[in-house]
2 protein chains.
Amino acid sequence: MKRTMINRMMLVVCLFLLVFAQAYAQTDPLLSWNDAKAKQSIVDFVKRVSAKGGKEFVPPAERIAVFDNDGTLWAEQPIYFQLAFALDRVKALAPQHPEWKEKEPFASLLKGDLKGALAGGEPAIFQIVMATHAGMTTEEFEKNVRDWIATAKHPKAGRLYTEMVYQPMLELLRYLRASGFKTFIVSGGGIDFMRVFSERVYGIPPEQVIGSSGKLKFELRDGKPVLVKLPEIDFIDDKSGKPEGIHLMIGRRPVAAFGNSIGDKQMLEYTQAGDGARLMMLVHHDDDKREYAYGAKSKVGTFTDALMAQAKKYSWNVISMKDDWKRIFAFEK
Amino acid sequence: MKRTMINRMMLVVCLFLLVFAQAYAQTDPLLSWNDAKAKQSIVDFVKRVSAKGGKEFVPPAERIAVFDNDGTLWAEQPIYFQLAFALDRVKALAPQHPEWKEKEPFASLLKGDLKGALAGGEPAIFQIVMATHAGMTTEEFEKNVRDWIATAKHPKAGRLYTEMVYQPMLELLRYLRASGFKTFIVSGGGIDFMRVFSERVYGIPPEQVIGSSGKLKFELRDGKPVLVKLPEIDFIDDKSGKPEGIHLMIGRRPVAAFGNSIGDKQMLEYTQAGDGARLMMLVHHDDDKREYAYGAKSKVGTFTDALMAQAKKYSWNVISMKDDWKRIFAFEK
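Let me begin by describing the structure that accompanies this report.

Here is what the cut-offs are and how they apply
- Residues numbered from 1 in each chain as written.
- Chains lettered and ligands numbered in written order.
- Predicted model: local features only at pLDDT ≥ 70, side-chain atom pairs only at ≥ 80, totals over all residues.
- Heavy atoms only, no water.
- Helix = DSSP H or I, 4+ residues; strand = E, 2+ residues; numbered from the N terminus.
- Contact = heavy atoms within 4.5 Å.
- Lys, Arg positive; Asp, Glu negative; His and termini not counted.
- Charge placed at Lys NZ, Arg CZ, Asp CG, Glu CD.
- Core = buried A, V, L, I, M, F, W, Y, C linked by side-chain atoms within 4.5 Å.
- Buried < 20%, exposed > 50% of the residue type's maximum accessible area, 1.4 Å probe, protein only.
- Patch = residues over 30% accessible without salt bridge, like charges linked within 9 Å, V, L, I, M, F, W, Y side chains within 5 Å.
- Areas by Shrake-Rupley, 256 points an atom, 1.4 Å probe, with all protein chains shown as cover.
- Salt bridge = Lys/Arg side-chain N within 4 Å of Asp/Glu carboxyl O.
- Buried area = accessible area lost by both parts, 1.4 Å probe.
- Polar contact = N/O pair within 3.5 Å; in protein donor to acceptor, adjacent residues only side chain to side chain.
- Nonpolar A, V, L, I, M, F, W, Y, C, P; charged D, E, K, R; others polar.
- Arc of directions from axis to C-beta.
- Least-squares fit on C-alpha atoms with pLDDT ≥ 70 in both.
- Axes fitted to C-alpha atoms, helices over the stretch in contact; angles between N-to-C directions.
- Parallel < 35°, antiparallel > 145°, perpendicular 65-115°, else oblique.
- Pairing = 2+ DSSP bridges.
- Phe/Tyr/Trp six-rings, centres within 6.5 Å; stacked < 30°, edge-to-face > 60°.

### A word on the overall build of chain A
Now for step 1: Within chain A one finds 14 helices and 7 strands.
Now for step 2: Principal-axis analysis of the C-alpha atoms gives chain A an extent of 85 × 50 × 50 Å.
Now for step 3: Pairs at least 24 apart in sequence give 64% of the contacts found in chain A among residues at least 6 apart.
Now for step 4: The averaged location of the 41 negative side-chain charges in chain A is 7 Å from the averaged location of its 47 positive side-chain charges.

Written out as structure tokens, the structure is:
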């Protein structure tokens, strides 16, 4: 065979491969997922509820999918990112609060002793959160979060917190929306905190974010109507609060629910109890090389043995970060 | 001229008129509105926020329009329709509550004395609402509303309550959605009550309905997860509650707000306080022939003189049902 002939054939093969690769990329919206059971369950579920005339067809208006945020859509170690925000705010506000030098949990915190600060348990956390999340208008708070999240870095990865989102979950969100689903966040995190970046990072608009909230007070400040964040909890969107929040804010039972902790149990139970096809999945943190391992066997964290037992009993899908995800973060090579 | 010639010409004219009428119908989405200031304000506002490159352009994601329900989207006389539902439920439940014969406000109510029953003021209404809206699962309540609304008739019009919706407002909802807006209900009415019919009647899905709510309790009944409605108020979506509810449930300031009473004042103020183009409108009930007249001058009802004064001062648009609406209800000839 002549050299030019071989070159031509090579060119044809290359073109074919290119076209094929592109077609494959277009037909596989879950590129960062390994071809294993978790991915298969998702694709299979979406096909079943989308098949017109099929017995498991769900009208688009009822295709509600709910996602926990911390540990499900983005990382939550070494501490919840919202707590990292609160700690940074305490430091920033300290000059205006000289009394904090003598007052726990602030005193320990300002000395860099996080463990000491959090030793006070929930009341200590409550004080930190209220000092940094209340007493200002919703717009002032929004600005604080926006400024922080644009620059603050994750201590281990050295990346922006908004880069600590799970690439496979971003693909899943997009895939569900392209399949007629409406995607919601249902998180124990603060609703006003998440809404600052949910649209940009997840493609989820503020009206589809459900979270914990503080009480608000409408008032006129210099003749301008504002909403002031009061130092009082209104709603905790965790455990039983999740189905309650879903009913209040969506008013429809989801057909798909994704979580990663014991706080998501009731949300998955509530989702499963509806009629027809359902998809319940739990992200299991079992990858200490690429992320963290604090799952069922680790005896720490919120994916407890009881949750794993329930997942088995109720046939919930457990996503192994180690085995099911080809890539965890977009910045990975 | 020959008779056949005349016939042909008539045919051409008829066809022309038909085509013209259809084209006109297609280009005027607000057919039931008279060509007056209110209609002009709406069309003008929509054009300004939709004009790409225009200095008042609003991205579709931010085109949030909020609507009060009672008296704004459907009638509210002679009593709130949800109260009519509650009264009918009291009668239906009476056989299971022999004690109600001796107990106010139920005793008066069962004797047909509505005025006597409501003489107890808010606590009496609270008792009626709780007896008919709590102590059951959300699904049981939904079924009660669905059954009632399918058959109960308005006492004056003799029509289903869902026929008592304002045709011009239905056209407005559709027009806004066709122009990229997301339409929300923000009402003092019960959230679980409105969601039963909001999608069918207004084209507004449950997740875009904000209203007053009672507390919920998640529990397992016979192993099945349910949400039980507790006899405890969670949130009153009226007056200052409206902007608070909007922030909690939407998380974005609306660009357009529609109401009809003093309970909508804060919602309109909050809407107006944002930057850029804004549209605030109040439906004024001044048509005692086709509907009811209980507006500013009537000294009854919730469209007070103070509200009319504020509308003038803040340049809010007042919709005169008498002058601005060609047709009020779809069933009118």
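What follows picks up the thread again.
### Focus on the nonpolar core
The nonpolar side chains of a soluble globular protein tend to be buried, and buried together.
Now for step 1: Within the largest apolar cluster, 156 residues are counted, with the highest numbers of intra-cluster contacts made by Met 169 and Tyr 202 of chain A together with Met 169 and Tyr 202 of chain B.
Now for step 2: In this view, Met 169 of chain B contacts Trp 33, Phe 67, Thr 72, Leu 73, Phe 258, Val 283 and Trp 325 of chain B; residues no more than four positions away in its chain are not counted.

### With respect to a nonpolar patch on the surface
Residues and elements named next belong to chain A.
Now for step 1: Judged by side-chain polarity, Phe 126, Ile 233 and Ile 236 come together as a nonpolar surface patch covering roughly 250 Å² of accessible area.
Now for step 2: Mapped onto the secondary structure, Ile 236 falls in the loop between strand 4 (224–235) and helix 11 (241–249).
Now for step 3: Judged by its relative accessible area of 47%, Ile 236 is partly exposed.

### Some details on the interface of chain A and chain B
Accessible area lost on assembly of the parts is the figure often given for the size of an interface.
Now for step 1: Taken together, the contact between chain A and chain B spans 37 residues of the former and 37 residues of the latter.
Now for step 2: In this assembly, chain A packs against chain B so that about 3100 Å² is buried in total across both faces, 53% of it on carbon and sulfur atoms.
Now for step 3: Inspection of the region where chain A meets chain B yields 8 salt bridges.
Now for step 4: Between Glu 207 of chain A and Lys 182 of chain B there is a salt bridge; the shortest N-O distance is 2.8 Å.
Now for step 5: Applying the counting rule to chain A against chain B returns 20 residue pairs in polar contact (both at pLDDT 80 or more).
Now for step 6: Those elements that provide at least two residues to the side of chain A that touches chain B are helix 7 (138–149), strand 2 (182–190), helix 9 (191–194), strand 3 (209–221), strand 4, helix 11 and helix 12 (265–272) of chain A.
Now for step 7: Taken together, the residues that form the side of chain A that touches chain B break down as 17 nonpolar, 7 polar and 13 charged.

### Points about helix 13 (residues 305–313) of chain B
Residue and element names in this part refer to chain B.
Now for step 1: Those residues of helix 13 that sit buried are Leu 307, Gln 310 and Ala 311. Along the long axis of helix 13, the arc covered by the buried residues comes to 105°, so they all point the same way. When the buried face of helix 13 is taken as reference, the exposed residues oriented beyond 90 degrees from it are Ala 306, Lys 312 and Lys 313.
Now for step 2: Residues of helix 13 that are buried in the fold lie against helix 12 (265–272), strand 6 (279–284) and strand 7 (317–320).
Now for step 3: Once helix 13 finishes, Ser 315 follows within two positions and takes phi at roughly 60°, a positive value.

### Some points on the relation of the copies chain A and chain B
Now for step 1: Of the transformation superimposing chain A on chain B, the axial component is 0.0 Å and the angular component is 180°, with the fit at an RMSD of 0.1 Å. The superposition operator between the copies reduces to a two-fold rotation axis. Closest approach to the rotation axis within chain A is made by the C-alpha atom of Met 249 of chain A, at a distance of 3.2 Å.
Now for step 2: Most of the interface of chain A is mirrored in chain B, where 100% of its interface residues are also at the interface.

### Quick word on the packing of helix 3 (residues 81–93) of chain B against helix 7 (residues 138–149) of chain B
All names here are of chain B.
Now for step 1: Running from N to C, helix 3 and helix 7 point in directions that differ by 105°, and their axes come no closer than 11 Å. Viewed along their axes, helix 3 and helix 7 adopt a mutual orientation that is roughly perpendicular. Residues Phe 81, Ala 84, Phe 85, Asp 88 and Arg 89 of helix 3 lie in contact with helix 7, whose contacting residues are Phe 141, Asn 144, Val 145 and Trp 148.

### Details of the side chain of Lys 182 of chain A
Now for step 1: You can see Lys 182 of chain A is positioned in strand 2.
Now for step 2: Only 2.8 Å separates the side chain of Lys 182 of chain A from the side chain of Glu 207 of chain B, close enough to count as a polar contact.
Now for step 3: A distance of 3.3 Å separates the side chain of Lys 182 of chain A from the side chain of Gln 208 of chain B, its partner in a polar contact.
Now for step 4: Sequence-distant contacts of Lys 182 of chain A, defined by excluding residues within four places in its chain, comprise Arg 63, Ile 64, Ala 65 and Gln 208 of chain A together with Glu 207 and Gln 208 of chain B.

### A word on the environment of Trp 33 of chain A
Residues and elements named next belong to chain A.
Now for step 1: Inspection of the secondary structure puts Trp 33 in the loop between helix 1 (3–27) and helix 2 (37–50).
Now for step 2: A relative accessible area of 0% places Trp 33 in the buried class.
Now for step 3: Taking the C-alpha atoms as reference points, Trp 33 and Asp 323, 290 residues apart in sequence, are found 9.0 Å from one another.
Now for step 4: In this structure Trp 33 touches Ala 38, Lys 39, Ile 42, Pro 168, Met 169, Glu 171, Leu 172, Ile 319, Asp 324, Trp 325 and Lys 326, once residues within four positions along its chain are discounted.
Now for step 5: Only 2.9 Å separates the side chain of Trp 33 from the backbone oxygen of Pro 168, close enough to count as a polar contact.

### Re a positive patch on the surface
Now for step 1: The grouping of Lys 289, Lys 297, Lys 312 and Lys 322 of chain A at the surface amounts to a positive patch.
Now for step 2: When you line up the elements, Lys 297 of chain A lands in the loop between strand 6 (279–284) and helix 13 (305–313).

### Comments concerning the sheet that holds strand 2 (residues 182–190) of chain B
Now for step 1: Taking strand neighbours across the sheet as the criterion, the 7 strands line up as 4-3-2-1-5-6-7 (chain B) in an open arrangement whose pairing is mixed. Where the open sheet ends on each side, the last strands, each with one partner, are strand 4 (224–235) and strand 7 of chain B. Taken pair by pair, the neighbouring strands of this sheet meet at an average axis angle of 30°, ignoring direction.
Now for step 2: Pairing of strand 5 (residues 256–259) of chain B with strand 6 of chain B involves 4 bridges; the strand directions are parallel. Note on strand 6 of chain B: the bridge partner recorded for Phe 258 of chain B is Met 281 of chain B.
Now for step 3: This element, helix 11 of chain A, spans strand 3 (209–221) and strand 4 of chain B of the sheet and lies at about 150° to strand 3 of chain B.
Now for step 4: Helix 2 (residues 37–50) of chain B rests against strand 5, strand 6 and strand 7 of chain B of the sheet, and its axis sits at about 155° to strand 6 of chain B.

### Describing the pattern of salt bridges
Now for step 1: Within this structure, the stated rule accounts for 42 salt bridges over all chains.
Now for step 2: Among the ionic pairs, Asp 287 of chain B bridges to Arg 290 of chain B, the shortest N-O distance being 2.8 Å.
Now for step 3: By relative accessible area, Asp 287 of chain B is classed as buried at 4%.
Now for step 4: One network of salt bridges, in which partners are shared, links Lys 182 and Arg 252 of chain A together with Glu 199 and Glu 207 of chain B.

### Structural notes on the sheet that holds strand 1 (residues 64–67) of chain A
Now for step 1: Spatial strand order, 4-3-2-1-5-6-7 (chain A): 7 strands in an open sheet with mixed pairing. Looking along the sheet, the strands with just one partner apiece sit at the ends: strand 4 and strand 7 (317–320) of chain A. On average, each strand axis in the sheet is inclined to that of its neighbour by 30°, with strand direction left out of account.
Now for step 2: Its contacts with the sheet place helix 11 (residues 241–249) of chain B against strand 3 and strand 4 of chain A, and it is angled at close to 150° to strand 3 of chain A.

### Re the packing of aromatic side chains
Residues and elements named next belong to chain B.
Now for step 1: Using the criterion set out here, one finds 36 aromatic pairs over all chains in the structure.
Now for step 2: Measuring from centroid to centroid gives 4.9 Å for Trp 148 and Tyr 161, while their planes differ by 20°, and the two rings are stacked. Of this pair, Trp 148 sits in helix 7 while Tyr 161 sits in the loop between helix 7 and helix 8 (167–178), and the two are 13 residues apart along the sequence. Accessibility classification places Trp 148 together with Tyr 161 in one group, the buried group.

### Details of the environment of Gly 180 of chain B
Residues and elements named next belong to chain B.
Now for step 1: Looking at the element boundaries, Gly 180 is found in the loop between helix 8 and strand 2.
Now for step 2: Given a relative accessible area of 31%, Gly 180 falls into the partly exposed group.
Now for step 3: Among all residues touching Gly 180, those that are not within four sequence positions of it are Pro 60 and Arg 63.

### Thoughts on unusual backbone geometry
Now for step 1: Omega for the peptide link from Gln 77 of chain B to Pro 78 of chain B comes to 5°, which places this bond in the cis form.
Now for step 2: Relative to the helices and strands, Pro 78 of chain B resides in the loop between strand 1 (64–67) and helix 3.
Now for step 3: Unlike most non-glycine residues, Asp 222 of chain A shows phi in positive territory, near 50°.
Now for step 4: Positionally, Asp 222 of chain A belongs in the loop between strand 3 and strand 4.
Now for step 5: For Asp 222 of chain A, a relative accessible area of 85% translates into the label exposed.
Now for step 6: Located in the positive-phi region is Ser 315 of chain A, a residue other than glycine, with phi close to 60°.
Now for step 7: For Ser 315 of chain A, the location among the structural elements is in the loop between helix 13 and strand 7.

Treat this as a map of the structure, not an account of what it does.
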